[in-house]
Amino acid sequence: MMDCSKDWPIFMIDQDLNVTLLQAQTGQLLSEFLLGESPSGQRAKRGARPDFRIPRARLLDGGERLQIIDTLIAVIGGVYCHLPQKRAAYALDPVQALQLLRAHVAALSEGEFHLALTSIVSGLRDAHTRYSGPGAKQGAVAALPFLVEQYGPYDNPIFVVSKVSAPELIRDAKFTSGVILESWNSIPFARAVDLHADRETGGRPDARRARALESLTFRALECGPPPDEMMVDIGYRIPLRRTLREVRIPWRVVQPDRAQTSHQPGSRASRYIAADPAAEAVRRTKKLMFSGNIWQADRSGTPVARGERWIETRFQDALAARVVKNGSSGNLGYLRIWSFDVNDDDAFIAEVVRLLELLPDNGLILDLRGNPGGLIWAAERLLQLFTPNTITPARFSLLASHMTRAMASSPFNRMEFEAWLPSLEAAISTGEPYSQPLPLTDPTWCNDIGQRYSGPVVCVVDPNTYSSGDLFAAGFVDNEIGTLVCVGEATGAGGANVWTHYDLREALRGTSFELDALPADVGYTMAIRRAIRCGACDGMPIEDLGIPGIAYEMTLDDLLHENRDLIAFCASLLKGIPRTAMIVELNESSVTVTTRGLEELETYVNGRPFEAVRRISDGAQQLARPDAETIEFVGRHKGEICQRRKLSLK
Amino acid sequence: MSLIIAGRIIPISGDQKVAPSETASFQGRVWIGNDGRIAAVTKGTASIAGSQMNLADFDNAPVVDAGTDLVVPGFIDLHSHLAYATLPLWVEPNRTVPFQHHDIWPTRPTYPESVTWPAYAFIEAAPAELLAYAEIRALIGGTTSIQGSPPSNRPLDGWLVRNIEDETLGGEIGRHKVLASTLTLKPEQLGERAISMRQGATFIYHCAEGSPGSIVQREYRAAHTAGCLQRRLVAIHTNAIDSASYGTWGEPGAIVWSPFSNLWLYGATTDVPAAVARKINLCVGSDWGPSGTRNVLGELKVASLVSEVKGWGLSAFDLVKMITANPGDVLAQAWSRQAGRLEPGALGDVAVIAANAKAGSRPDPFKTILRATEADVQLVVVDGRPQYGTERLMRQAGVTQTSMIAINGETRRLALTRFEGNGEPWSYKEILARLEEVRDDPKEAIESARRLAFAAIRSGEPPPLRLALDMPTGRVPVGGLPKDLSKISVPPIQPLAHDKEFFASIPGRGFHDGLLEGLADFYD
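Computed from a predicted model, the values in this text were never measured in an experiment. (Residues numbered from 1 in each chain as written. Chains lettered and ligands numbered in written order. Predicted model: local features only at pLDDT ≥ 70, side-chain atom pairs only at ≥ 80, totals over all residues. Heavy atoms only, no water.)

This part takes up the overall build of chain A. Of the regular secondary structure elements, chain A holds 20 helices and 31 strands. Scaling as 2.2 N^0.38, a compact globule of 650 residues should have a C-alpha radius of gyration of about 26 Å, and chain A matches this with 26 Å. Its C-alpha atoms put chain A at 80 × 70 × 55 Å along the principal axes. In chain A, which comprises 650 residues, the share counted as buried stands at 60%. The contacts of chain A with a sequence gap of at least 6 include a subset with a gap of at least 24, amounting to 72%. Carbon and sulfur atoms form 52% of the exposed surface of chain A, whose accessible area is close to 25,300 Å². Mean positive and mean negative side-chain charge positions of chain A (71 and 80 charges, respectively) differ by 3 Å. (Helix = DSSP H or I, 4+ residues; strand = E, 2+ residues; numbered from the N terminus. Rg over C-alpha atoms; globule rule 2.2 N^0.38 Å. Buried < 20%, exposed > 50% of the residue type's maximum accessible area, 1.4 Å probe, protein only. Contact = heavy atoms within 4.5 Å. Areas by Shrake-Rupley, 256 points an atom, 1.4 Å probe, with all protein chains shown as cover. Lys, Arg positive; Asp, Glu negative; His and termini not counted. Charge placed at Lys NZ, Arg CZ, Asp CG, Glu CD.)

Contacts between the two partners involve 32 residues from chain B and, on the opposite side, 28 residues from chain A. On inspection of chain B and its partner chain A, the count reaches 4 salt bridges. Elements with a minimum of two residues in the side of chain B that touches chain A: α1 (110-125) and α13 (442-459) of chain B. Here the side of chain B that touches chain A gets 7 residues from one element, more than from any other, and that element is α13 of chain B. Classifying every residue of the side of chain B that touches chain A by side-chain character gives 18 nonpolar, 6 polar and 8 charged. (Salt bridge = Lys/Arg side-chain N within 4 Å of Asp/Glu carboxyl O. Nonpolar A, V, L, I, M, F, W, Y, C, P; charged D, E, K, R; others polar.)

Now for helix α10 (residues 292-300) of chain A. Of the residues making up α10 of chain A, those classed as buried are G292, I294, W295, A297, D298 and R299 of chain A. Once α10 of chain A finishes, G301 of chain A follows within two positions and takes phi at roughly 75 degrees, a positive value.

Another point: the sheet that holds strand β2 (residues 26-32) of chain B. Residue and element names in this part refer to chain B. Here we have 9 strands laid out as an open sheet, ordered β3-β2-β1-β4-β13-β14-β15-β17-β16, and mixed in their pairing. Each of the sheet's edge strands pairs with one partner strand only, and the pair in question is β3 (38-43) and β16 (403-407). Strand-to-strand twist in this sheet, taken as the mean axis angle between neighbours without regard to direction, amounts to 35 degrees. Strand direction decides the pairing type here: strand β13 (residues 350-353) and strand β14 (residues 377-382), joined by 4 bridges, are antiparallel. Among the inter-strand pairings, I353 is bridged to a residue of β14, identified as V377. Strands β14, β15 (385-389), β16 and β17 (410-414) of the sheet are contacted by helix α2 (residues 127-139), whose axis makes an angle of about 120 degrees with β14. (Pairing = 2+ DSSP bridges. Axes fitted to C-alpha atoms, helices over the stretch in contact; angles between N-to-C directions.)

Now for the pairing of strand β26 (residues 600-605) of chain A. Residues and elements named next belong to chain A. In terms of burial, β26 is a largely internal element, 5 of the 6 residues being buried. By the bridge criterion, 2 bridges tie β26 to strand β28 (residues 614-615) in an arrangement that is antiparallel. Bridge pairing in β28 places L601 opposite R614. By the bridge criterion, 6 bridges tie β26 to strand β30 (residues 630-637) in an arrangement that is antiparallel. Paired with V605 across the two strands is I631, which belongs to β30. Across 2 bridges, the pairing between β26 and strand β27 (residues 608-609) is antiparallel. Opposite V605, over in β27, you have R608 as the bridge partner.

Let us now look at the domain arrangement of chain B. Residue and element names in this part refer to chain B. Domains assigned within chain B are domain 1 (3-74 + 340-414) and domain 2 (76-111 + 128-334). A straight line from the C-alpha centre of domain 1 to that of domain 2 covers 27 Å. On the domain 2 side, the residues contacting the 32 residues of domain 1 number 31 residues. Area buried by domain 1 at its contact with domain 2 is led by G74, L370 and E374, which between them contribute 21% of it. Joining domain 1 to domain 2, the criterion identifies 5 salt bridges. Here R162 ties to D349 by a salt bridge, and the two come within 2.7 Å at their closest N and O atoms. Put simply, domain 1 and domain 2 have 12 residue pairs in polar contact (both at pLDDT 80 or more) between them. (Domains from an automatic or database assignment. Buried area = accessible area lost by both parts, 1.4 Å probe. Polar contact = N/O pair within 3.5 Å; in protein donor to acceptor, adjacent residues only side chain to side chain.)

All names here are of chain A. Given a rise of 1.5 Å per residue, 17 residues ought to cover 24 Å, and the 24 Å separating the end C-alpha atoms of helix α3 (residues 62-78) matches this to within 8%. When α3 is considered as a whole, its buried residues turn out to be E64, R65, I68, I69, T71, L72, I73, V75, I76 and G78. Between a side-chain oxygen at the N-terminus of α3 and the backbone nitrogen of G63 the separation is 3.1 Å; the capping residue is D61. (Expected span 1.5 Å × (residues − 1).)

Now for empty space enclosed by the protein. Within the structure shown, the criterion is met by 6 cavities of 30 Å³ or more. A volume near 90 Å³ is recorded for the largest cavity. Together, 13 residues line the largest cavity, and P411, F412 and M415 of chain A together with A468 and L469 of chain B are the ones closest to its centre. Residue assignment for the lining of the largest cavity shows that the elements contributing at least two residues are α14 (414-417) of chain A together with α1 of chain B. With 3 residues, the single largest contributor to the lining of the largest cavity is α1 of chain B. A per-class count over the lining of the largest cavity returns 8 nonpolar, 2 polar and 3 charged. Its boundaries defined by the atoms lining it, the second largest cavity holds a volume of some 70 Å³. In terms of lining, the second largest cavity is formed by 13 residues, of which the most central are S80, A134, R137, I146 and R294 of chain B. Here the residues of the lining of the second largest cavity sort into 6 nonpolar, 4 polar and 3 charged. (1 Å grid on protein atoms, 1.4 Å probe; cavity = no way out; pocket = protein on both sides within 12 Å on 5 of 7 lines; lining within 4 Å. Points joined across faces, edges and corners; volume = space filled by probe spheres on them.)

This brings us to the packing of helix α7 (residues 189-197) of chain A against helix α8 (residues 205-215) of chain A. All names here are of chain A. Close contact between α7 and α8 brings their axes to 8 Å; oriented N to C, the two are set at 110 degrees. Here α7 is positioned roughly perpendicular relative to α8, judged by the angle of their axes. Taking contact as the criterion, the partners of F189, V193, D194, H196 and A197 in α7 are, on α8, R208, R209, A212, L213 and S215. Classifying every residue of the contact of α7 with α8 by side-chain character gives 5 nonpolar, 2 polar and 3 charged. (Parallel < 35°, antiparallel > 145°, perpendicular 65-115°, else oblique.)

Residue and element names in this part refer to chain B. If you trace the backbone, T168 turns up in the loop between β7 (162-163) and β8 (178-181). Assessed through its relative accessible area of 5%, T168 is described here as buried. For T168, the residues in contact, after removing those within four places along its chain, are D157, I173, G174 and R175.

The subject of this paragraph is the pattern of salt bridges. Residues and elements named next belong to chain A. One pass over the structure, following the stated rule, counts 64 salt bridges over all chains. Linking R299 and D257 is a salt bridge whose minimum nitrogen-to-oxygen distance equals 2.4 Å. Here R299, found in helix α10, pairs with D257, found in the loop between β11 (252-254) and β12 (273-275); they are 42 residues apart in sequence, far enough to count as distant. When its relative accessible area of 8% is taken as the criterion, R299 is described as buried. Notably, a salt bridge pairs D367 with R336, separated by 3.5 Å at the nearest N-O pair.

With respect to the helices and strands, the residue P112 of chain B is situated in helix α1. For the pair P112 of chain B and P472 of chain B, spaced 360 residues apart in sequence, the C-alpha to C-alpha distance is 9.2 Å.

On to the sheet that holds strand β29 (residues 619-624) of chain A. Residue and element names in this part refer to chain A. Taking strand neighbours across the sheet as the criterion, the 3 strands line up as β24-β25-β29 in an open arrangement whose pairing is antiparallel. In the strand order of this sheet, the two ends are held by β24 (581-586) and β29, each with one partner. Between one strand axis and the next, the sheet turns by 20 degrees as a mean value, whatever way the strands run. As judged from the 6 bridges shared by β24 and strand β25 (residues 590-596), these two strands associate in the antiparallel manner. Directly across from V584, in β25, lies its bridge partner V593.

Now for the side chain of E299 of chain B. One can find E299 of chain B in helix α7 (residues 296-310). Summary of buried charges: E299 of chain B has no salt-bridge partner, and the nearest side chain of opposite charge, R137 of chain B, is 9.0 Å away.

What follows is about the nonpolar core. Counting 133 residues, the largest nonpolar core has I136 and W257 of chain B as its most contacted members. Here this core spans two domains, and each of domain 1 (3-74 + 340-414) and domain 2 (76-111 + 128-334) of chain B adds at least three residues to it. Each residue touching I136 of chain B, except ones within four places of it in the same chain, is listed here: L160, I405, L414, L416, Y428, I431 and L496 of chain B. L60, L319, L471 and L515 of chain A belong to the second-largest nonpolar core, a separate cluster that totals 102 residues. (Core = buried A, V, L, I, M, F, W, Y, C linked by side-chain atoms within 4.5 Å.)

Given below as structure tokens:
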């Protein structure tokens, strides 16, 4: 087999911004991808149709396989932060399993080797920790052109096609949004989901099912094997009709690209990522397939609104906001946070602040369902906008091992790891399996902007809310910001900071645990710092447990009518909460504070009390603008702090 | 390339074939062979015929005629921190009492923003330029070997001056012959160093730095307990210990004395007479930008000032030995090659210092060296390679690929090549320009360097040069850096030589009771 890995552009679609949406959605057939001819690697001529074919994976020889296994033995045994927990939770020993695989690795076929290896890694049930072999092309996703969602009770769910991509991709005009799925390759649909869940990551059965449901129609090829079948036969019913219909739909391979605003490999932010890379690729693919205008606008860097009634934003990949009307509660704000995968958390938060100012302050629904995570700083710093409370971020521990000690002792890692070193060294005598947990988002950064939204807030999550999404949900609960609503039992339960082989290789350079380069295109991601919650759940890990909330079951109306019932449910939760508000306006010589529902106003200048507590009623208060760095107002209702605004005067 | 340097030779040698005493000087020649070693030191214009040397080596050797200028061993700075070389003197604002010890000042609020972050910006974004800057700064003060190289991901030997921790003498000796630690080591680490020293390594250790009697004196006791008080230990500072403690150093090694830094931070310095009485080998080191002098030639003057004020009676010869023969003997143990003395077999590291014309026909050469400033440094040769000097001497030495460098108004030539450039010349102007770029936009410079490093590791290319900080980082946020990298404010890059601004920054700052103000008098 020819080696096509050299000099081949990773994202071919990137090369041509003029590609039509349909071309991008069509991609190439999986059968061509796996069995067809590999492309030449030469650039398409100007005006020619872009070549979506992905080069064929090359075979690994025995030595290369050993190299991969030895690396994984070293890093899973040495830095994988969930190792003690996974051993306890699943009664497994991945290091021993890898040792056993090593003994006969050279005799395995290519397929057997990859299957054995991915089974060991996915057996950890950790979406952070993934192996990607040479066949797993970065950014490529196998996709079926429709979205399956479920509603109803957990033990008797109904599976519905909630969205369909371009009609050209399905040769059955009746297969549209709303059809009910009955079978998958002749297997009852619910059974097919359960069977697939066995292959999926996820600590809890509901989390595995959620991922299985998603991966029935989308598979990130970078993080796992391709579908076994080239096409699927789907049995379905049109609602209110008894006739069972069947359609055959081929798998396609598309390349959704990363968002313009996503974190850049090698950037400072890239060391502070908590995300499921597979879910992120799938999320992007959903955007390509079902919100093509957003996907295209993102590629061209044009801010757009998601649709009518949505507010335009330049962070269209990560955010969407609109006003939702609710009969009993009046207008509410709805902020969808699709992802925390951003490179610049300051810009991201500034954009959220801007959007919040355009939303009613009567109450806000934060919707993080399906958020696969991203930059930890973005998630944890965002919390402060919604509460007058001081935010305490989650803390992170390293596995206490010779390897982590060597990494933390390396002079090149002093800035990154120096704070962890004393406890790693102390662990030799204390026997602690982990280092001291320390925040990755400095507490001062979590409180450097302060509250920006006045009204009460409810946050919605589901088992696909993962990693930085988990961290946001944990912070939301632990810092007592508002009510957490969960579709399913809890969030996806990914509690760690994730590094790549490149990050680890760089960090271990010069130590006695130096890692070699892996064969071309082979890589992995690894959970290296384990997240620990704060507040009432102080000390609890997030991994495998997730963050539970008030349970909610999705309805058919939710799936087909923009979460109608879910929004009504959230509105009902917001209804009983007393409303207070505070708006601060800075003028050249004065500061005006307009409040509602507050009885006391405290003013602090440069962090010190500025005047006696004012007794206030609804309306505006004015004071001379002091010559100072900062001014802070604290508003109380019945003695409780309900509003806080901190502004820079410089 | 072999080289002959003629002038008034100050060999500071104990070799009777070279000179009758260490204080002797004479008109003569230093012959440096192709191997970078001194082949001979001869008097007058005598040839080396009859010696065991290969005369053919010198058939076409350029002869540098320094006239009556002093030809001295290249200076050795046994205490520096190159990563912090660009920084100005630092004080914690409004502090009125000296620091107790070295664990206190890094905890001060202004330390990270004044010291750690600016230094980090340079090591991350312009490591080669930073090294070049620091080494040129040493070189213009006559330094040929310097300690305190930042930890690096590749060896730093064989470039401009000798980086003591990295030196291999062109592969003659193995790496790790000289170990060093700025940070205080744990008992087991000290135990490991004790073993290494017994196996032939030299260990340079910051030890008991602080006010006399302060708690850090226990670091010296810990070194003793661990078995580190050996002949091959080079203890930096030890100003916190009482003089009697030197008695526990059974087979004395060396102490590096950095009086400027000691007085600046603690108002008290090492008890030199007590150490000398114990036959500890005393050396002088310049320390770092935030609390030190710019080169060891400057530090020598501070040592002289302290000696004078305290009545220690150190002669110019005693002091000059502290930057030549004394540290040279330390290095000779580690490298099995003599440094810091001009004698056959020794390293061909030489400085030429202008004779003091005002001091009469036969002035004490050691006083001349003591009083010399950067303007008096006429030529610096490392390993037989002329690296820096006046246009005339560099031309005589046959060095053509040089660039101009101005030092306090004096013009010199610099034979610097790019760190990774196949001998391509590199000027100080270019180096400074890059450092200024980093200073202008540290955030972009740091991020860009990170991206390049990542791209290299991803493509399988060798990683770019990487350096690390060796001093305490201070109280920093998680990850060591401010949230917004654009908040890193890099102070103006300091001139290479001691200048009026440097002296103007001394009065009223630090805890030296005015003593350090006397330094300016040497530069009038």
